[in-house]
Structures are given as structure tokens and as C-alpha cells.
Amino acid sequence: MSWGTELWDQFDNLEKHTQWGIDILEKYIKFVKERTEIELSYAKQLRNLSKKYQPKKNSKEEEEYRYTACKAFLSTLNEMNDYAGQHEVISENMTSQITVELARYVQELKQERKSHFHDGRKAQQHIETCWKQLESSKRRFERDCKEADRAQQYFEKMDADINVTKADVEKARQQAQMRHQMAEDSKADYSSILQKFNHEQHEYYHTHIPNIFQKIQEMEERRIVRIGESVKTYAELDRQVIPIIGKCLDGIVKAAESIDPKNDSQLAIEAYKSGFEPPGDIEFEDYTQPMKRTVSDNSLSNSRGEGKSELKFGGKSKGKLWPFIKKNKLSLKLGATPEDFSNLPPEQRRKKLQQKVDELNKEIQKEMDQRDAITKMKDVYLKNPQMGDPASLDHKLAEVSQNIEKLRLEAQKFEAWLAEAEGRLPARSEQARRQSGMYDAQSPPAVNSCAQDRESSPDGSYTEERSQESEGKVLAADFDDEFDDEETLPAIGTCKALYTFEGQNEGTISVVEGETLYVIEEDKGDGWTRIRRNGDEEGYVPTSYVEVYLDKNAKGAKTYI
């Protein structure tokens, strides 16, 4: 089955058919190109959708994603982002392996087709030229034969006429002979051209055209095969991403299965627990008491005193309704959140302070790493002066050291507040006891009593009633009077300050790096050591800021760094 033998006379139809094949190929390329655009658009929309619902950094939404249900949703968003990536892969692969390749192949196909049909037209023009030569020689032979016949007839007529001269007869005879010779020449020429045309025609229909049409047939079959391969590649590119898409879907299912309602409930407790105790029973307020007054001054004064006492007690009991009474709204609207988070309930305040301390420690570590790197670079410059000037790093090194010192002071401040919130240090109202050096295990109940007297608003902030503040001051004064006469604690060792510490909070004491002081109470596991300077000034410092040397009678020397 060959186009050269079967379709030898269908040159124009073959030209139309091959052009139709190229049009089909270009249509398929356009289809794949539009598919890649759809995949890219779909992937972009999926990514935008995932980005739209991603939690914003440093916002409340980011804290909400601690819950397992929110984590599952976040995993879904991340998996959808990966899912979108696979559609981008489909688009990229289809563009590179189908669209680009087929577009290049179409250009090559057009050039090959043009070359084949150019050869075909050239062969056609040649055979047409041969045909025209044959027709011209044939007409010339026919014309010469007719002229020869007419000349022969004229000669015979002149020869039969007795009135014609001999010269005229001879002229007619010569003319007839000449015409006859011309006819013979035309015949020979016509025969030669006819033989040549037959040969050319045989070559045209049995050699040239079959070869050209065979090449066109092979070209068309390659085009068909190429379309089939492209269609197969189209499906394979889709199939290649199915396992990865399946993993994305498996990840979503796994995230859904990891949802733990009990864990989320526990996280809600940790997030909103205030640390306060539920309010106690409300005492009965007897308003009939003033009615029992007598005429005597003693009974009158006693009644007034009792009435005041009852009213005062009633006021305190009223303060225990903090979870249910909306009070002190004005105090929340007047300013921003205090730096020590004192507006928060105890538990929430402790978490905020711990978070702040962790952040500061990370910043300190980062600055220390930078300082170490600059120091190493300076050492390299000292050993190899040609690499750089060591003095050029002094300013940067001083700047980093200054930043570290600022961060340490900030961390110390928040660590003190954290210690206070965790009950490792007494509250600020106990400053007199810290300064007198008589802080002991009896102080925590006073802290608790202050905490119980605080009144909280519904959003978690709390304040104190004036009567309670005055009572706290009286209690602090009583404690000061009680411990003023107690003897000074003896020193159990010495310590050397490793770093400078600014004691800005109540109960703490400032120390300078390298300073030697006396230890009067070692760390009880809360991270604070009690020290004394010059026999009269004492307070607490972070244990990590000093190197402690206990005397031999204190179970040997210990070092805390």
C-alpha cells in the first residue's frame, strides 16, 4: 500500500490532506497550551486560597493553631499548597514535553512538506514542458506534411498543364521536394521528441512521483505517530503526579485523625485559667443591729463599733464576687497593657512572663553568637593582618556587647517578675521585709492573702479595693514591726559576681561584675540566692549570675553557674 502507486494522480488532494494533518497537530498543541494555562490558574487560585486562610504572624490567630483541630486545618492548607504545586508540575511538564516539542516539530514538518511538494511541482513542470515540446513538434510535423502534400499536388498540376513552361514545372518540383524533405525532418524530430516524452513520462509516473509521494506518506505517518506519542505523554504526565497528590490527601486524612478533643479541652484550660479560687459564701449582713441600740453611751458606742465591723466585713465579702460583677471598666480603658502584665490573672501573667523571658534569652543567645563570630574574625585579622584591620571590628564588637548587656538587664527584670508570679519572690508589698533580710517561709501566706483580696473583671484583669490596699499596708507594717528585732542571719559562704545585675525589683540587690559578697541563704531550687554586702545591705540575685563558695561547715564548696 503506497501513495505513489495508489494515488499517483492525486497530487492536489495529497497537498490538501497533509495541510489538514498539520492543522490538526497545531490544534492539539493549542489544546495542550490552554490546558497548561488552566492548570497554572488553578494552582494559583489554590495557593491564594491557602495563603488567605493561613494564620497571620504575631497575631491571635497564630496562638489558636495550638489546638489539634486548628492544626488539622493548617495541615490541610499546607497540603493544598503542595497539591497546587503538583498542578504547576503538570503545567510545566506539558509545556516542555508536549507544547514546545510539538511546536518545533510542526516547523520541521512544514519545511519537509514544502520541500516534498516543491519537488513534486518541479517534476510536474518538467513533464508539462516535455508535453508542450511534443505537442509543438507534432503540430510542426502535421503542418509540414500538409505543406508537402499541397506542394506535391501543385507540382503534379503544373506538370500536367501543357501551357506551363518547363521552368515553372521545375520550380514546382523543387518546391515539392523541399516540402517533402521538411516533412521528413519534422517526422524525425517528432519521433525523437515522442520517444523522449514517453521516457520522461514513464520516469515521472513510475519513479519520480512514487518516490515523492512515498516520502510524503512517511512524513504523514510520522506526524500521526507523533500525535499518538504526545497523547500518551499527556496521560503519563497526569499519572506521574497522582501518587504525590495521593500523599497530600493522605496527609489531610492523617491530620484529621490526629484531632484530639481532650487535648484541645486541656489547652483551653491552660489558655484561660486565671489561677484564682472560686468565691466563698456571702455572709449575712444584719441591718437590724442598729435598731438594738440603748440609751446608754456604752451600748451606743458598742453598737457603732459592731456596725462598722459588720459593714467592713460585708464589703470584703462583696469583693469575692469578682467573677460575676462587671467593675473597674474605667481602669482598662485608661492605658495600655502594663509591662509586667500585672493586669492579667496570676496563671496567665506567669505564662506571658515566661514567654517574654524565653524570647529575651533567644535574643541574648543570638547576640552572643554574633559576638563570638566577630571575636573569631578579629583573631583571624590579628594573625593575618593582610586580611583586614582588627581595630575595624572594635566598634561592632562594643555595639554587640552593649546590646547583650541591655538584653540581660531586660531579662533580669522579667525573671524577677516571673519569680514573683511563681511565688519564688514575695510580692512588691513585702519590700520592707526583703530589705530587712528577714524573708522566710512565712511570707507566702501574705502573698496569697493579697491575691485572694483582689477583684477581677470579666476579661481577666484585676484591681484591689481601697480598703484591701489599706489592710495590706497595715499587714506589711505589722510584719516589719514583728521582724525588726530579729537577729541577722549568719553568712554561710562567699560568692563572686559573674555578671552585673541591676536589682530594680523589690527584694533584689544590685551587684557589679567581679564583686565579692557574703552568702546568707543558698538557692532553694527557685533560681535565687540571698546575699549580703558590708554587713547591712542584703537581697536576692539570680543564682546564674554568681559563683558561690560555701564554707567547709556547709557540706563542702559548691559552684552554681
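Residues numbered from 1 in each chain as written. Predicted model: local features only at pLDDT ≥ 70, side-chain atom pairs only at ≥ 80, totals over all residues. Heavy atoms only, no water.

Some thoughts on the sheet that holds strand β6 (residues 537-542)
To be explicit about the condition: Two strands make a pair as long as DSSP finds a minimum of two bridges between them. Helix and strand assignments come from DSSP, with helices taken as H or I runs of at least 4 residues and strands as E runs of at least 2, each series counted from the N terminus. Axis lines are fitted to C-alpha atoms, over the contacting stretch for helices. Their N-to-C directions set the angle, which ranges from 0 to 180 degrees.
Reading across the sheet, the five strands line up as β6-β5-β4-β3-β7 and stay open at both edges, with antiparallel pairing between neighbours. Bordering the open sheet on either side are β6 and β7 (546-550), each of which pairs with just one other strand. In this sheet, neighbouring strand axes are inclined to one another by 40° on average, regardless of whether the strands run parallel or antiparallel. Pairing of strand β4 (residues 516-521) with strand β5 (residues 528-533) involves three bridges; the strand directions are antiparallel. Its bridge partner lying in β5, Y518 is registered against R532.

Thoughts on a nonpolar patch on the surface
This is how it is decided: Residues form patches when they are more than 30% accessible in relative terms and have no salt bridge. Like charges link within 9 Å. Nonpolar side chains (Val, Leu, Ile, Met, Phe, Trp, Tyr) link within 5 Å. A 1.4 Å probe and the Shrake-Rupley method give the accessible areas. Residues count as covered only by the protein chains that appear here. Whenever a carboxyl oxygen of Asp or Glu lies within 4 Å of a side-chain nitrogen of Lys or Arg, that contact is scored as a salt bridge.
A grouping of L49, Y53 and F73 is seen on the molecular surface, where their side chains present a nonpolar patch of about 280 Å² in accessible area. In this structure, Y53 sits in the loop between α2 (11-52) and α3 (60-64).

Description of the packing of aromatic side chains
Defined as follows: Whether two aromatic rings pair depends on their centres lying within 6.5 Å, for rings of Phe, Tyr and Trp, where Trp uses its six-membered ring; planes under 30 degrees apart make the pair stacked, over 60 edge-to-face, and the rest tilted. Partly exposed describes any residue whose relative accessible area lies between the buried limit of under 20% and the exposed limit of over 50%, with all areas from a 1.4 Å probe on protein chains only and scaled to the type maximum. Charge-over-ring contacts are defined here by two conditions on Lys NZ or Arg CZ: a distance within 6 Å of the ring centre and an angle within 35 degrees of the ring normal.
All chains considered together, the criterion is met by 13 aromatic pairs. For the ring pair Y28 and F31, a centre distance of 6.0 Å and an interplane angle of 35° mean the geometry is tilted. Note that Y28 and F31 are positioned in helix α2 at a spacing of three residues, about one turn of the helix. Judged by its relative accessible area of 41%, F31 falls in the partly exposed class. Relative to Y205, the ring of Y204 has its centre 4.7 Å away and its plane inclined at 85°; by these criteria the two rings are edge-to-face. With relative accessibility at 8%, the residue Y204 sits in the buried group. Owing to a relative accessible area of 32%, Y205 belongs among the partly exposed residues under this scheme. When the ring centre of Y67 is taken as origin, the NZ or CZ atom of R66, which lies over that ring, is 5.7 Å away.

Describing the pattern of salt bridges
What the rule picks out here adds up to 24 salt bridges. The partner of R222 in a salt bridge is E112, with the nearest N and O atoms 2.4 Å apart. Pair noted here: R222 is in helix α5 (residues 166-257) and E112 is in helix α4 (residues 68-160), with a separation of 110 residues, a long-range link. R222 sits in the partly exposed class, given a relative accessible area of 37%. Salt bridges here are not isolated pairs; linked through shared partners, they connect E521, R530, R532 and E538.

Side note on the confidence of the model for the chain
Operational definition: On a range of 0 to 100, pLDDT expresses the predictor's confidence in each residue. Note on contacts: a residue pair is in contact if any heavy atoms of the two residues lie within 4.5 Å.
Per-residue confidence for the chain gives a mean pLDDT of 78; residues scoring 70 or more make up 78%. Across residues 426-486, where pLDDT falls below 50, the model places 101 contacts with residues more than four positions away in sequence or in other chains.

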